[in-house]
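These are the residues of each chain, in order.
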Amino acid sequence: MDFLNAVIALANYVLIPAMSYGSQLALGALGVTLIYGILRFSNFAHGDTMAFGAMVTILVTWWMQSVGIGLGPLPTALLALPFGILGCAMLVLATDKLVYQFYREQKAKPVILVIVSMGVMFIMNGLVRFIIGPDDQNFSDGARFIISARDFKRLTGLDEGLAIRTSQAITVITAIVVVALLFWFLNRTRTGKSMRAYSDNEDLALLSGINPERVVMYTWCIVAALATVAGVLYGLDKSFKPFTYFQLLLPIFASAIVGGLGSPLGAIAGGFIIAFSEVTITYAWKKILVYLMPEPLEPDGLVQLLSTDYKFAVSFVILLIVLLFRPTGIFRGKAL
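Residues numbered from 1 in each chain as written. Predicted model: local features only at pLDDT ≥ 70, side-chain atom pairs only at ≥ 80, totals over all residues. Heavy atoms only, no water.

1. What to know about the pattern of salt bridges
Argument step 1. Applying the stated rule across the entire model yields six salt bridges.
Argument step 2. R104 is the partner of D96 in a salt bridge, and the nearest nitrogen-oxygen pair spans 2.6 Å.
Argument step 3. The buried category is assigned to D96, whose relative accessible area is 7%.
Argument step 4. For D237, the salt bridge goes to R165, with nearest N and O atoms at 2.6 Å. Here the residue D237 occupies a position in helix α9 (residues 212-237), and R165 occupies one in strand β2 (residues 164-165), the gap between them amounting to 72 residues.
Argument step 5. When its relative accessible area of 8% is taken as the criterion, D237 is described as buried.
Argument step 6. The class of R165 is partly exposed, set by a relative accessible area of 25%.
Argument step 7. One salt-bridge network, held together by shared partners, links D96, R104 and E213. (Salt bridge = Lys/Arg side-chain N within 4 Å of Asp/Glu carboxyl O. Buried < 20%, exposed > 50% of the residue type's maximum accessible area, 1.4 Å probe, protein only. Helix = DSSP H or I, 4+ residues; strand = E, 2+ residues; numbered from the N terminus.)

2. Some points on unusual backbone geometry
Argument step 1. At R40, a position not held by glycine, the phi torsion is positive, near 70°.
Argument step 2. Phi angles above zero are rare outside glycine, and K107 is one such case at about 50°.
Argument step 3. Residue placement: K107 occurs in the loop between α3 (77-105) and α4 (110-132).

3. What to know about the packing of α3 against α9
Argument step 1. For the pair α3 and α9, the least separation of the axes is 8 Å and the interaxial angle reads 135°. Considering the angle they form, α3 stands oblique to α9. As for how α3 packs across α9, the hand of that crossing is right-handed. Together, A77, L81, G84, I85, C88, A89, V92, L93, D96, Y100, Q101 and R104 of α3 and E213, V216, M217, W220, C221, A224, A225, T228, V229, V232 and L236 of α9 make up the contact between the two elements.
Argument step 2. Residues of the contact of α3 with α9, tallied by class, amount to 17 nonpolar, three polar and three charged. (Axes fitted to C-alpha atoms, helices over the stretch in contact; angles between N-to-C directions. Parallel < 35°, antiparallel > 145°, perpendicular 65-115°, else oblique. Left-handed = near helix turned anticlockwise from the far one by under 90°. Contact = heavy atoms within 4.5 Å. Nonpolar A, V, L, I, M, F, W, Y, C, P; charged D, E, K, R; others polar.)

Coordinates in, geometry out; function isn't part of it.
Structure follows, in structure tokens:
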């Protein structure tokens, strides 16, 4: 029984939260890797793009809640998500037209575009905080749990209860659907193949008659969708606070680089590597060890390597190690 309790505690506090967080990071890293693979620069404004898409979704969600529109046990934000994607797509397309297009036409070096994206990042961050405010915003509704710890204990008779939040299940399922659709689009549709060809060899793609501006437009629209979905899922699972999305930029970039910047598969793998690393290193293992070890050997302390306040430091250390010893990442930065 103690072993089963340890397994349940591990699933409850490590495996399920890491799966949910990893799905969010994977979606965010996919957006970063698409921009890098097709537009050839690292978009430092991606975290605040997520925040903007989530903000539009929240505002529409509040309106729907006020007029009585809902999805029953599911969050109303799922109904508002298409509006958030549309609003985010309009913003990034306008930003590309007003800002990035000039530097593309001038054939500016990637480092210039990186610096420009940092300026866009600060503007987006200020815009989101001006519209919705700097504080935590709650927009989750519907059923909070698929199964609560109390119900699980009653059903199984175990001391430990397994709680699965609705937001966690929605996050994992949505991530699987979105990733499957993205890979189908890139590999099966004519537009997706054009984007891959443009990523592999821009000059050859132009000679083949591929319209570069159309490729850029589709890329930004896909990135807006990925960013909005990731931002909304993170907000539902935890909370929405604009500055948090600015902080998420580090683990998202770490995920993309660990997996191999420019590789969609690498972005997904990197997202889960970073998520599981952060959760396992900042978790206090005392409860699980008490179940597994004899009473004389039970630990007195929390058995926690790092406080949760330093979870982003884990991403930074992993990123540093990868850049020093394998800068191309796990998948060697393959093209789309």
